[in-house]
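Chain by chain, the residues run as shown.
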Amino acid sequence: MLAAIRRFFEAREVLEVETPLLCRATGTDPQLDFFSSQFNFPPNQQTLFLQTSPEFAMKRLLAAGSGSIYQICKAFRNGEAGRYHNPEFTILEWYRVGYDLRQLMAEVAELLLQLLQPFHAALPTRQISYQQLFLDSTGLDPLIFSVEDYRVYAAANSLPEAVELCGDDHALWLDFIFSHRVQQMMEKDTIYLLHGYPAIQSSLARLNVDDPRISERFEVFINGVELGNGFYELADPVEQEARFDKEIAYRLSHGLPAVGKDDAFLHALNSGLPDCSGVAIGLDRLLIIALGSVSITEVLAFPLTCA
Amino acid sequence: MATFSTNEFKGGLKIMLDNDPCSIIENEFVKPGKGQAFNRVRIRNLKTGRVIERTFKSGDTVEGADVVDKEMQYLYSDGEFWHFMVPDTFEQYQADKNAVSDAIKWLKEQDVCTMTLWNDSPLSVTPPNFVELTITETDPGLKGDTSGGGGKPATLESGAVVRVPLFVQIGEVIKVDTRTGEYVSRVKE
């Protein structure tokens, strides 16, 4: 699979790069828990982080004029272990300068079909907006937060605990209903390219210029398994810093481990990130799909329990 | 009682849910890449036996349930309660109809079974997987019948009724699988 990925990008003249796994700064996303470690270098002692994704470093390369780049590397996420999660996993991440989201989604589909071809008959691809799929599956509009409708839906679909658990947190309701119902209702053996995520879940994506309720973000799913996430990348340093500040404040108020802003990354945005789209694919999960495995432990030689 | 974090959830863990003791059957970690982590859990309510699904926010804690299994000997029934004893300590427990439910039809006096206790009071009774009981009533079978035939109902000394092959007679001891309620074999005295 790794050789096929490298051939794919070589043919498209995308440059393979390497960036540090051990970094001075890391992402501020409150939903991502990182590993930190101490760098002992007397008389100084410095906290370093195992990166949760190579995104910031790769964007610094883009800002420095690298052109389109890709990387296959490890990423680390603390507190994540389960059927589809191992705290250390393998990411394929790439950025296309000058691509918008549609062009990148098309390339993702092309790559997945090529990689899965030795294992599966060609899978059909379905491009649909987050809003449409949510509506089709549940009858609820994810962009309009009508807590009463959401409650009625939860009660009628044997998810009564959602009312207390989600309260009046719109994003939490969406995560809950999406992961408990919508994902399970996706058709089997189909590549889903789900775009137009709600702006409240924009992460590092730009907002849509015509409809600020949605963001230029997509995700790819096969058999209900989330394989990857892509953005039309946010390049505005002021907006980026504002999102950092918001997440850092959230971390502080919720007692999560503190983390600083990545100044080197903000500096790179300031000097100008070219218009580009980028995506990360979890390769361990892609192997699960390719081999029809039921758990990530089946596709890792040494999962956490025997690492 | 101890509390458990969702990270400690695993099959067999006993927790309190909606004021009832429950046992976790299966625990799945669910997390969108950019979203909240959940634990989706399949749980058996130990009082009603019903299996439900429930979701917790990862990192939340729940109260543990003081539920233990003990080997006990069935002593007798006084009509309202069924009395059991722990063989090595001679501690006695009385269980009501809800607790003994169907299990009692497989037990005769002196038999050993597993009692599940919640806060030291009987919650449920589980008979051994296989029991050997004497047939007290069944239609006479015909000579030459084999076990391949249709079978007939037979009442056992403990009160249970099972289907047995036609050649099995009153007074014989048979082995029964209590999980399925099916006849296994005759037992040579």
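What counts, and where the lines are drawn
- Residues numbered from 1 in each chain as written.
- Chains lettered and ligands numbered in written order.
- Predicted model: local features only at pLDDT ≥ 70, side-chain atom pairs only at ≥ 80, totals over all residues.
- Heavy atoms only, no water.
- UniProt positions renumbered as here; feature names shortened; annotations may be inferred.
- Helix = DSSP H or I, 4+ residues; strand = E, 2+ residues; numbered from the N terminus.
- Contact = heavy atoms within 4.5 Å.
- Buried area = accessible area lost by both parts, 1.4 Å probe.
- Salt bridge = Lys/Arg side-chain N within 4 Å of Asp/Glu carboxyl O.
- Polar contact = N/O pair within 3.5 Å; in protein donor to acceptor, adjacent residues only side chain to side chain.
- Nonpolar A, V, L, I, M, F, W, Y, C, P; charged D, E, K, R; others polar.
- pLDDT = per-residue confidence, 0-100.
- Phe/Tyr/Trp six-rings, centres within 6.5 Å; stacked < 30°, edge-to-face > 60°.
- Lys NZ or Arg CZ within 6 Å of the ring centre and 35° of its normal.
- Pairing = 2+ DSSP bridges.
- Axes fitted to C-alpha atoms, helices over the stretch in contact; angles between N-to-C directions.

### Details of the UniProt feature "domain: Translation elongation factor P/YeiP central" (unreviewed entry) in chain B
Next, step 1: Annotation from UniProt places "domain: Translation elongation factor P/YeiP central" (unreviewed entry) at residues 69-123 of chain B.
Next, step 2: Helix makes up 7% of residues 69-123 of chain B and strand 49%, with an end-to-end C-alpha separation of 10 Å.

### Brief notes about the interface of chain B and chain A
Next, step 1: Tallying the contact residues gives 16 residues for chain B and 26 residues for chain A.
Next, step 2: At the boundary of chain B with chain A, total buried surface from both sides reaches about 1800 Å², with 53% on carbon and sulfur atoms.
Next, step 3: Close ionic contact of B:R54 with A:E161 constitutes a salt bridge, the shortest N to O distance being 4.0 Å.
Next, step 4: Inspection of the region where chain B meets chain A yields 8 residue pairs in polar contact (both at pLDDT 80 or more).
Next, step 5: Those elements that place two or more of their residues in the side of chain B that touches chain A are β3 (20-30), β4 (38-45) and β5 (51-57) of chain B.
Next, step 6: Broken down by element, the residue count for the side of chain B that touches chain A peaks at 5 residues, all from β5(B).
Next, step 7: Split into classes, the residues belonging to the side of chain B that touches chain A amount to 5 nonpolar, 4 polar and 7 charged.

### Notes on the confidence of the model for chain B
Residue and element names in this part refer to chain B.
Next, step 1: Looking at chain B, pLDDT values average 89 and 94% of them are 70 or higher.
Next, step 2: The least confident element of chain B is helix α1 (residues 97-100), whose mean pLDDT is 87; the most confident is strand β8 (residues 82-85), at 94.
Next, step 3: Confidence metrics for the complex model read pTM 0.82 and ipTM 0.86.

### Some words on the UniProt feature "domain: Aminoacyl-transfer RNA synthetases class-II family profile" (unreviewed entry) in chain A
Next, step 1: Mapped onto the present numbering, the UniProt feature "domain: Aminoacyl-transfer RNA synthetases class-II family profile" (unreviewed entry) falls at residues 1-303 of chain A.
Next, step 2: Taken end to end, residues 1-303 of chain A has its terminal C-alpha atoms 19 Å apart, with 37% of it in helix and 22% in strand.

### Digging into the packing of aromatic side chains
Residues and elements named next belong to chain A.
Next, step 1: Per the stated rule, a full pass over the model turns up 17 aromatic pairs over all chains.
Next, step 2: Aromatic rings pair up to connect Y130, F134, F178, Y197 and F221 into one cluster.
Next, step 3: For R12, the ring lying beneath its charged end belongs to F8, and the centroid distance is 3.7 Å.
Next, step 4: For R217, the ring lying beneath its charged end belongs to Y197, and the centroid distance is 4.2 Å.

### What to know about the sheet that holds strand β5 (residues 69-76) of chain A
All names here are of chain A.
Next, step 1: Here 8 strands make up an open sheet; going across it, the order is β1-β5-β6-β11-β10-β9-β8-β7 and the pairing mixed. This sheet does not close on itself; its edge strands, each paired only once, are β1 (15-16) and β7 (125-129).
Next, step 2: In this structure, β5 lies alongside strand β6 (residues 88-97), joined through 8 bridges in antiparallel fashion. Within β6, the position partnered with Y70 by the bridge is W94.
Next, step 3: Sheet strands in contact with helix α4 (residues 130-138) are β7 and β8 (191-195), and its direction is about 95 degrees off that of β7.
Next, step 4: Strands in contact with helix α10 (residues 283-291) are β5, β6, β9 (217-222), β10 (225-232) and β11 (276-282); relative to β10, the strand with the most contacts, it is inclined by about 135 degrees.

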